[in-house]
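Coordinate inspection notes
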Amino acid sequence: LKPHIALSNLSLPSDYAVAMVLSRLAHGLSAKSLASRYSLDPYLVSKITNMVTRLLATKLYPEFIKIPVGRRRLLETTQAFEELTSLPNMCGAIDTTPVHLRINPNPNIYRCRYGFPSLLLQVVSDHKKIFWDVCVKAPGGTDDATHFRDSLLYHRLTSGDVVWDKVISVRGHHVRPYVVGDWCFPLLPFLLTPFSPSGMGTPAQNLFDGMLMKG
């Protein structure tokens, strides 16, 4: 971020500015409380926060948060997941979590299943728990399936914009790489979910569900 921050002619060193913003994001501090800690004007803290977060989203996000489509990375990911779960060609795991909001704009829309106002964060990670897709665009009261279908990842996968070329044969069926999720997500050609959320399936189904949930 240093060259981008340098263009803004800040009165603070770039590493100092980034450290301050990361501290604020990590602890949920207000501009006023952070300003008193660093002996700065609250307006400057807000300005720096907006600048650094915007740079993170526009300059660094596209460089680091990438769908594994390259042959080498995809092969490494699917092999590592297979060692963990025994399921072949798995390339990611998807889940959501509510991000707590300090304000409550609309209790009916933003109140999550845990009872507090929030935004819904959806991520897909690889076998190293490194995110390769992130989406946070819905109020906390939105269900996981709806949020997923409204995400850019879903539209890219359904439109054919993302094509995983690594195809394997499983009992005579061609299987492309796929993501796994829990029973809150829809069952799709590129998204596998458990048979039963309560372990009430057949022994074979329960075994499959156990392996899938390891992923």
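Note that the structure is a prediction, hence the values are computed from the model and not measured.

Details of the pairing of strand β3 (residues 131-139)
- As paired elements, strand β2 (residues 118-125) and β3 share 7 bridges and run antiparallel to each other. The residue bridging L119 from the neighbouring strand is P139, located in β3.
- Hairpin remark: β2 followed by β3, antiparallel, with 5 residues in the connecting loop; positive phi at K129, about 65°.

Re the packing of aromatic side chains
- For the structure shown, the criterion picks out 7 aromatic pairs.
- Judged by centre distance (6.3 Å) and plane angle (65°), the ring pair of Y154 and F190 falls under edge-to-face. One end of the pair, Y154, is in helix α8 (residues 152-159); the other, F190, is in the loop between β6 (178-180) and β7 (191-192), and 36 residues separate them in sequence. Each member of the pair, Y154 as well as F190, carries the same accessibility label: buried.
- Site record: aromatic cluster; members linked through ring pairs are F148, Y154, F185 and F190.

Topic: empty space enclosed by the protein
- Under the defined criterion, the tally for this structure stands at 1 cavity of 30 Å³ or more.
- Counted as a void, the largest cavity has a volume near 30 Å³.
- The wall of the largest cavity is formed by I94, F148, L153, L157, V179, F190 and L191.
- Considering only residue class, the lining of the largest cavity consists of 7 nonpolar, no polar and no charged.

Section: the pairing of β2
- A large share of β2 lies buried, amounting to 6 of its 8 residues.
- Taken together, the 8 bridges between strand β1 (residues 90-100) and β2 define a ladder with antiparallel strand orientation. Looking at β2, one finds that I94 is bridged to V124.

Some words on the packing of helix α2 (residues 14-27) against helix α3 (residues 31-38)
- Packing of α2 against α3 brings their axes to within 11 Å, and their N-to-C directions diverge by 135°. By the angle between their axes, α2 is oblique relative to α3. Both α2 and α3 take part in a crossing whose hand is right-handed. Only A31, L34, R37 and Y38 of α3 make contact with α2, whose side of the interface consists of Y16, M20, S23 and R24.

Some words on the packing of α3 against helix α4 (residues 42-64)
- At a minimum axis distance of 8 Å, the contact between α3 and α4 shows a crossing angle of 110°. Taken together, α3 and α4 sit at an angle that is classed as roughly perpendicular. On α4, the residues that touch A31, K32, L34 and A35 of α3 are P42, V45 and S46.

Calculation criteria
Residues numbered from 1 in each chain as written. Predicted model: local features only at pLDDT ≥ 70, side-chain atom pairs only at ≥ 80, totals over all residues. Heavy atoms only, no water. Pairing = 2+ DSSP bridges. Helix = DSSP H or I, 4+ residues; strand = E, 2+ residues; numbered from the N terminus. Phe/Tyr/Trp six-rings, centres within 6.5 Å; stacked < 30°, edge-to-face > 60°. Buried < 20%, exposed > 50% of the residue type's maximum accessible area, 1.4 Å probe, protein only. 1 Å grid on protein atoms, 1.4 Å probe; cavity = no way out; pocket = protein on both sides within 12 Å on 5 of 7 lines; lining within 4 Å. Points joined across faces, edges and corners; volume = space filled by probe spheres on them. Nonpolar A, V, L, I, M, F, W, Y, C, P; charged D, E, K, R; others polar. Axes fitted to C-alpha atoms, helices over the stretch in contact; angles between N-to-C directions. Parallel < 35°, antiparallel > 145°, perpendicular 65-115°, else oblique. Left-handed = near helix turned anticlockwise from the far one by under 90°. Contact = heavy atoms within 4.5 Å.

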